[in-house]
Amino acid sequence: MSKIPVYFMPGLAASPAIFERIQLDESIFEVCLLEWKIPQVKESLSDYALRITKDINHKNPVLIGVSFGGILVQEMAKHIEVRKVIIISSVRSNMEFPRRMKIGKNTKAYKLIPMKLILNIENLAKFSFGEKINKRIKLYEKFLAVRDLNYLQWAVESVICWDRSEIDEKVVHIHGDQDDVFPIKYINKCIVVKGGTHIMILNKYKWLNENLPSIILEE
């Protein structure tokens, strides 16, 4: 029996290193890691998602995305046939955004974010992983690989302006009850990880290693 291809997409500005502790049975799964590319001028999220699908070398893969990567894999699934889409610490529609993000979209306040300040590693870590990491910023520095101003401006606008308003019920959502970027009170139906924060891909890896196989294989 051929292995099940599983492609992982990291969160905003993050490198595939965030998946270093995720271990799936190599006799069943073939793990592949995707990376962010620098967006082209005025590239839409849909066109960008199509470009990332060119890095997928298997038919009917499982796509797993974290945070903004979770939004991206949902867009990728519009362009290719997939076995399953799983998102972690993310959202299935813009209706699950916290109030501040909805206000940011309506007022276009996101355009006022000083992106050059976010390129500072401490600010970028908090921006990408949430406020709760502030005591261990050096630890997370290695996980933040994309420090390109154009990418950050594009990524922030792509998240805030994501136009999906209806949830795709086929998308499996895993979410921590302590997520401070996408608070669980706004999330509609998910597999809840107790004590999971926005960076639970790093610190709840044991739960993920134990549960991801059955979630992937579930019909």
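These lines cover the structure that appears in this document, whether it is placed above or below.

Cut-offs applied
Residues numbered from 1 in each chain as written. Predicted model: local features only at pLDDT ≥ 70, side-chain atom pairs only at ≥ 80, totals over all residues. Heavy atoms only, no water. Helix = DSSP H or I, 4+ residues; strand = E, 2+ residues; numbered from the N terminus. Buried < 20%, exposed > 50% of the residue type's maximum accessible area, 1.4 Å probe, protein only. Pairing = 2+ DSSP bridges. Right-handed = clockwise from strand over helix to strand, strands pointing away.

1. Observations concerning unusual backbone geometry
Right, so step 1: Positive phi is not limited to glycine here, since Ala13 has a value of about 70°.
Right, so step 2: Unusually for a residue other than glycine, Ser89 sits at a positive phi of about 55°.
Right, so step 3: Here Ser89 shows up in the loop between strand S4 (84–88) and helix H3 (99–107).
Right, so step 4: We classify Ser89 as buried; its relative accessible area is 0%.

2. Some points on the pairing of strand S3 (residues 62–66)
Taken residue by residue, a regular strand's side chains alternate between the two faces of the sheet.
Right, so step 1: Counting buried positions along S3 yields five of five residues, so the element is predominantly enclosed.
Right, so step 2: Burial along S3 is two-sided: the residues Val62, Ile64 and Val66 and Leu63 and Gly65 are all buried.
Right, so step 3: Sheet analysis places strand S1 (residues 4–9) next to S3, joined by four bridges and oriented parallel. Its bridge partner lying in S3, Phe8 is registered against Ile64.
Right, so step 4: The pairing of S3 with S4 spans five bridges and is classified as parallel. Its bridge partner lying in S4, Ile64 is registered against Ile86.
Right, so step 5: For the crossover that starts at S3, traverses helix H2 (residues 68–76) and ends in the parallel S4, the hand is right-handed.

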